[in-house]
There are 2 protein chains.
Amino acid sequence: MKHVEFMARALELARYGAGHTSPNPMVGAVIVKHNRIIGEGYHPRFGQKHAEVMAIEQAHEAVEGAEMYCNLEPCSHTIPGKKTPPCTERLVREKIRKLYLSTLDPNPYVNGNGVAAIRAAGIEVETGLLAQEALELNEAYFKFIQTRLPFVNLKMALTLDGRIAAAGGDSRWISDEAARERVHRLRHEYDAVLIGANTLRIDNPRLTVRPLDQPIPAARQPWRIILAGNGDLPLHSEVFRDQFREKTLVFTAARNDNHRPAVPGNADVRVIPLKSNAGGRPDILAALKYSGEMGISSVLVEGGSRIFTEFISRGLFDKITAFIAPLILGRGIEAVGDLGIERMSGAIRLQRSEIETINDQVLLRGYRNIKETFGSLTESVACLQESSKSWAELALSNR
Amino acid sequence: MKHVEFMARALELARYGAGHTSPNPMVGAVIVKHNRIIGEGYHPRFGQKHAEVMAIEQAHEAVEGAEMYCNLEPCSHTIPGKKTPPCTERLVREKIRKLYLSTLDPNPYVNGNGVAAIRAAGIEVETGLLAQEALELNEAYFKFIQTRLPFVNLKMALTLDGRIAAAGGDSRWISDEAARERVHRLRHEYDAVLIGANTLRIDNPRLTVRPLDQPIPAARQPWRIILAGNGDLPLHSEVFRDQFREKTLVFTAARNDNHRPAVPGNADVRVIPLKSNAGGRPDILAALKYSGEMGISSVLVEGGSRIFTEFISRGLFDKITAFIAPLILGRGIEAVGDLGIERMSGAIRLQRSEIETINDQVLLRGYRNIKETFGSLTESVACLQESSKSWAELALSNR
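Residues numbered from 1 in each chain as written. Chains lettered and ligands numbered in written order. Predicted model: local features only at pLDDT ≥ 70, side-chain atom pairs only at ≥ 80, totals over all residues. Heavy atoms only, no water.

Re the interface of chain B and chain A
Tallying the contact residues gives 46 residues for chain B and 46 residues for chain A. Interface of chain B and chain A: buried area, both sides summed, is about 4000 Å²; carbon and sulfur atoms make up 62% of it. Of all residues in chain B, the largest losses of buried area upon contact with chain A belong to Leu160, Ile328 and Met344 of chain B, amounting jointly to 20% of the total for that side. Summed over the shared surface of chain B and chain A, the result is 10 salt bridges. The partner of aspartate 338 of chain A in a salt bridge is arginine 331 of chain B, with the nearest N and O atoms 3.5 Å apart. Where chain B packs against chain A, one counts 17 residue pairs in polar contact (both at pLDDT 80 or more). Those elements that place two or more of their residues in the side of chain B that touches chain A are strand 6 (151-159), strand 7 (163-165), strand 13 (319-325), strand 14 (327-328), strand 16 (348-349), strand 17 (351-358) and strand 18 (361-367) of chain B. Looking at the side of chain B that touches chain A residue by residue, the class counts come to 26 nonpolar, 9 polar and 11 charged. (Contact = heavy atoms within 4.5 Å. Buried area = accessible area lost by both parts, 1.4 Å probe. Salt bridge = Lys/Arg side-chain N within 4 Å of Asp/Glu carboxyl O. Polar contact = N/O pair within 3.5 Å; in protein donor to acceptor, adjacent residues only side chain to side chain. Helix = DSSP H or I, 4+ residues; strand = E, 2+ residues; numbered from the N terminus. Nonpolar A, V, L, I, M, F, W, Y, C, P; charged D, E, K, R; others polar.)

Here it is as structure tokens:
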């Protein structure tokens, strides 16, 4: 087996933690001796064992002198509230010979300190293996740890002609069952789902994660964030009444006039007044900052049109995930309204976009600006990849 | 090699005639003996040799007792103007043992007569092999031969949010060079390209086929059809002045009032008055009928929005070919306007849609209604495929 295959396995293991590790990243580790895997591990859940330690403990041979493949730099710090001892110490104690990493950990407590500690103990370290894949896997973590703002993904279901609903608001169904199942998987991996008051009014969605392979505990249901508009909220909405209502968060605009739109009086639902924008609605940057302070590291924005337009025009999104169905609707509700772009050359081009098919639908996703999402990692990864041609070649030959 | 592989080779050969055979279909033929190909042929150009005959003449062994694979039923008729003798007679004379076909030829002069003649001479015939692929290959031929109306393909370049241009009309460029190269290949395979007066005014396109591998003679440039609106046409447009202007066709509306919009007075450009629709513009069904009578068997419609909306709302298209770029524009010109559809469940779902990627763009194409496009073939193909499970299985295992 080749380097990239071992690291690909580590990334595969890491994904087993999807939806359970936040605000920690997903991490997988593989221990290799004489070109064979002798131990595997992953970080299963926030507060539980780290991947490196699980791989060591589950190894069926002595790990002394072995190589370890891990998608993220090992932790090297001890701070109040941190639930696990530093992985670097364990790697040194177990006499791992060489460590292959995809990327550093931009967490300011780590960010190169892990690698330095390992190297100081005489363990070889190489970074950059499957770095792009590792960046995408933990995109929310990398954004949040560097900015304290949640990673924002705009999820849209579109007709071929760019509509998200019929003129009356009816959007059932643009996507088929398989695509909607994908949306549930996405929600499961996000800390919060956000919609505007109009979407709440028209669709009255639950915004919960349906059981995938096993029932989802309340703790792993995403927050439901409602951005209130100028009008009254429909107080009988599911999100204010169902068994997960303590995970509903309403942002309203603090106003100077005497107008007080109706908001839930239910003690379980949090209602947070924020400064208002020019339209008298809550400011979305303030909403993201507040969410980040609550520890919400990722937000899946599910519409509607006005909400998408505001996130896009203010540059406050990281990614767009669009499901496009082979439907022609004609007149209807447009996905995105006025952005003040007058020429086609001024349109926003998604970066590193990827295309997948789900039955007869397209799933297209791409980033707004990889530098703003990945911060310091963007450059170090680009730089690493330039200087390690052999790995780039390996990666290509294995695609 | 397997049956499907021989037929796949016949289809591949058939495509060598792309852009040159109209109004004839593209046909390829492969002759097989002892499971080896001993002869190959295709119909290179209207008026020239048929595929079956070329394969026989190019065979490097005696063809007696061999099998032939051909995507279309062989011709069996002699009528004034037909440039070649019946292929059926040649197959009988050469003592071909067995003939594998994809589909019958719905041309009323053939349509089962070819198969009957072959069988009467004791040659075995099986039909249905790679029938779906064969239908798509000659989609324009099958539509035109059964309805005398051209096959209509709406070609759109869209942003992810469903815009075909910025608000001022600027559409350069939504697609990249590779996608535009595909459009040139498409144009090369169509008898005509059609646009509305607005698109003529804003883009002043040439609508010609750029040299692909070799210069395209004037005879193989597509007709440029302009659907005039209520206003004056821009008389200095490229299509009225360039060296292919004798292949420009303007449809105008015959009007009762005294309003006479300016149209080209150039003797090379044909201006055809047609009955007008409610908006005072030429009726598009009349335009398609007139085109069909001229022998135009396929029309690539390139916009703009009003033209797309009219073809779609009247159900007068066969296929949509959409290039979707990962661009967000916001306000701009919508691909499709009001179709009178009020609910998402009433949206038009493209049939047998296929998705391809071109760099970071999606190419999505699908049919409006395969029964209306393929007529009698739709049912016979469906029926054949149900009754020949083994072939269906073969086809699957070879994908």
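Some details on the state of the cysteines
Residue and element names in this part refer to chain A. Enumeration over the complete set of coordinates arrives at 0 disulfides over all chains. With no disulfide of its own, cysteine 87 lies 3.8 Å from the sulfur of cysteine 75, the closest cysteine sulfur. Classification of cysteine 87 as buried rests on a relative accessible area of 2%. (Disulfide = S-S within 2.5 Å. Buried < 20%, exposed > 50% of the residue type's maximum accessible area, 1.4 Å probe, protein only.)

Details of the sheet that holds strand 3 (residues 67-72) of chain B
Residues and elements named next belong to chain B. Spatial strand order, 2-1-3-4-5: 5 strands in an open sheet with mixed pairing. Either end of the sheet is taken by a strand with one partner, and the two such strands are strand 2 (36-42) and strand 5 (124-127). Taking each pair of neighbouring strands and ignoring which way they run, the sheet shows an average axis angle of 20°. (Pairing = 2+ DSSP bridges. Axes fitted to C-alpha atoms, helices over the stretch in contact; angles between N-to-C directions.)

Overview of the relation of the copies chain B and chain A
Turning one copy of the chain about an axis and sliding it along that axis gives the other copy, so a rotation and a shift relate them. Each copy of the sequence occupies a distinct position, and chain B is placed on chain A by a rotation of 180° and an axial shift of 0.0 Å, giving an RMSD of 0.0 Å. Each copy turns onto its partner about a two-fold axis. Distance from the rotation axis, computed per C-alpha, reaches its smallest value in chain B at glycine 162 of chain B: 1.9 Å. Both copies contact each other with a shared surface, as 100% of the interface residues of chain B are interface residues in chain A too. (Least-squares fit on C-alpha atoms with pLDDT ≥ 70 in both.)

A closer look at the sheet that holds strand 18 (residues 361-367) of chain A
All names here are of chain A. Read from one edge of the open sheet, 9 strands run 11-10-9-8-12-6-13-18-17, paired in mixed fashion. At either margin of the open sheet sits one strand with a lone partner, and together these are strand 11 (270-274) and strand 17 (351-358). Ignoring strand direction, the axes of neighbouring strands in this sheet form an average angle of 20°. The pairing of strand 6 (residues 151-159) with strand 13 (residues 319-325) spans 7 bridges and is classified as parallel. Counterpart to methionine 156 in the pairing with strand 13 is alanine 322. Here helix 6 (residues 139-147) sits on the sheet in contact with strand 6, strand 12 (298-301), strand 13 and strand 18, set at roughly 135° to strand 6. Along the sheet, helix 10 (residues 284-293) makes contact with strand 6, strand 9 (223-227), strand 10 (248-253) and strand 11, crossing strand 11 at roughly 130°.

Here we look at the pairing of strand 9 of chain A
Residue and element names in this part refer to chain A. Where burial is concerned, most of strand 9 is hidden: 5 out of the 5 residues are buried. The alternating pattern of strand 9 places Trp223, Ile225 and Leu227 and Arg224 and Ile226 on opposite faces, both of which are buried. As paired elements, strand 8 (residues 192-196) and strand 9 share 5 bridges and run parallel to each other. Directly across from valine 193, in strand 9, lies its bridge partner arginine 224. Pairing between strand 9 and strand 10: 4 bridges, direction parallel. Bridge pairing in strand 10 links arginine 224 to threonine 248.

Quick look at the pattern of salt bridges
Residues and elements named next belong to chain A. Per the counting criterion, the structure on display carries 66 salt bridges over all chains. A salt bridge links arginine 9 to glutamate 12; the shortest N-O distance between them is 2.4 Å. With arginine 9 and glutamate 12 both in helix 1 (residues 3-15), this residue pair falls 3 residues apart, about one helical turn. Each of Glu136, Glu139, Arg182, Lys319, Glu354, Glu356 and Arg365 takes part in salt bridges that share partners, so that together they form one network.

Structural notes on the environment of methionine 294 of chain A
Residues and elements named next belong to chain A. Residue placement: methionine 294 occurs in the loop between helix 10 and strand 12. With 146 residues separating them along the chain, methionine 294 and arginine 148 place their C-alpha atoms 10.0 Å apart. Setting aside residues no more than four positions away along its own chain, methionine 294 makes contact with Trp223, Leu249 and Arg270.

What about unusual backbone geometry?
Residue and element names in this part refer to chain A. Each neighbour pair has its own omega, and for serine 22 with proline 23 the value is 0°, a cis peptide bond. In this structure, proline 23 sits in the loop between helix 1 and strand 1 (28-33). The backbone of leucine 130 sits at a positive phi, close to 50°, despite the residue not being glycine.

Considerations on the confidence of the model for chain A
The predicted coordinates should not be examined in detail at positions where pLDDT is low. Summing up the model confidence of chain A, the mean pLDDT is 91 and the portion of residues at 70 or higher is 93%. A low-confidence stretch, residues 388-399 of chain A stays under pLDDT 50, and its non-local contacts, those more than four residues away or across chains, total 15 contacts. (pLDDT = per-residue confidence, 0-100.)

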